[in-house]
Amino acid sequence: MNPENVVFEIQDHGPGIAPLDIDKIFDKFSRNGSKDNGALKGSGLGLSIVKSIAERHHGKVWAVSTLGKGSTFFLQVPITQIARTEKEIAS
Ligand SMILES: Nc1ncnc2c1ncn2[C@@H]1O[C@H](COP(=O)(O)OP(=O)(O)OP(=O)(O)O)[C@@H](O)[C@H]1O
Ligand SMILES: [Mg+2]
């Protein structure tokens, strides 16, 4: 483990996400993570908000998944936050 970061790991046993879709699920209004979830309601914003918050903390998010088995989402953020200017905070 990198001592400069904390990594949260969240695992589910849901429908999984196809390899072609996995890079798109963090984009705004992306709702095509799995062919099986057409009936599920959602705005397509949740993961893009998570990504935005992670990046504003100089961190990152990613997922690994197997179709039909489930997904694991990772959220990594630095333990020590870098001082930011007022301008950066406002952007
Ligand atoms: N745990 C998961 N397992 C399988 N597919 C997922 C999972 N989480 C997200 N996805 C796929 O990625 C898409 C984008 O997810 P995201 O959380 O951004 O939006 P949403 O769940 O559709 O809506 P909401 O804004 O209400 O969270 C989902 O619509 C779904 O297709
Ligand atoms: Mg969601």
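A brief structural summary.

What counts and how
- Residues numbered from 1 in each chain as written.
- Chains lettered and ligands numbered in written order.
- Predicted model: local features only at pLDDT ≥ 70, side-chain atom pairs only at ≥ 80, totals over all residues.
- Heavy atoms only, no water.
- Helix = DSSP H or I, 4+ residues; strand = E, 2+ residues; numbered from the N terminus.
- Buried < 20%, exposed > 50% of the residue type's maximum accessible area, 1.4 Å probe, protein only.
- Contact = heavy atoms within 4.5 Å.
- Phe/Tyr/Trp six-rings, centres within 6.5 Å; stacked < 30°, edge-to-face > 60°.
- Pairing = 2+ DSSP bridges.
- Axes fitted to C-alpha atoms, helices over the stretch in contact; angles between N-to-C directions.
- Salt bridge = Lys/Arg side-chain N within 4 Å of Asp/Glu carboxyl O.
- Core = buried A, V, L, I, M, F, W, Y, C linked by side-chain atoms within 4.5 Å.

1. Focus: the side chain of S48
- Note on placement: S48 falls in helix 1 (residues 46-56).
- S48 sits in the buried class, given a relative accessible area of 11%.
- Setting aside anything within four residues of it in sequence, one finds S48 in contact with F26, D27 and K28.

2. Brief notes about the packing of aromatic side chains
- In total, this model carries two aromatic pairs according to the counting rule given.
- Between F26 and F73, the ring centres sit 6.4 Å apart and the planes meet at 70°, which makes this aromatic pair edge-to-face. Linking F26 in the loop between strand 1 (5-12) and helix 1 with F73 in strand 3 (residues 70-78), this pair joins segments that are 47 residues apart in sequence.
- Residue F26 is classed as buried on the basis of its relative accessible area, which comes to 9%.

3. Examining the sheet that holds strand 1
- The strand order 1-3-2 describes an open sheet built from three strands, whose pairing is antiparallel. Edge positions in the sheet fall to strand 1 and strand 2 (60-66), since each of these pairs with one other strand and no more. Between one strand axis and the next, the sheet turns through 15° on average, direction left out of account.
- Lying over the sheet, helix 1 contacts strand 2 and strand 3, oriented at roughly 140° with respect to strand 2.

4. Describing the pattern of salt bridges
- One pass over the full model with this rule turns up one salt bridge.
- Of the charged contacts, one joins K24 and D21 as a salt bridge, the two residues approaching to 3.6 Å between their closest N and O atoms.
- A relative accessible area of 35% means that K24 is categorised as partly exposed.

5. Quick notes on the nonpolar core
- Residues I17, I22, I25, F26, A54, V61, A63 and F73 constitute the largest nonpolar core, which totals eight residues.
- In contact with F73, not counting residues within four places along its chain, are F8, E9, I10, D12, I17, I25, F26, L47, W62 and A63.

6. What about the pairing of strand 3?
- In terms of burial, strand 3 is a largely internal element, eight of the nine residues being buried.
- Bridge count for strand 1 against strand 3 is eight bridges, and the pairing is antiparallel. Directly across from I10, in strand 3, lies its bridge partner F73.
- Taken together, the seven bridges between strand 2 and strand 3 define a ladder with antiparallel strand orientation. Residue K60 lies in a different strand from strand 3, and its bridge partner there is Q76.

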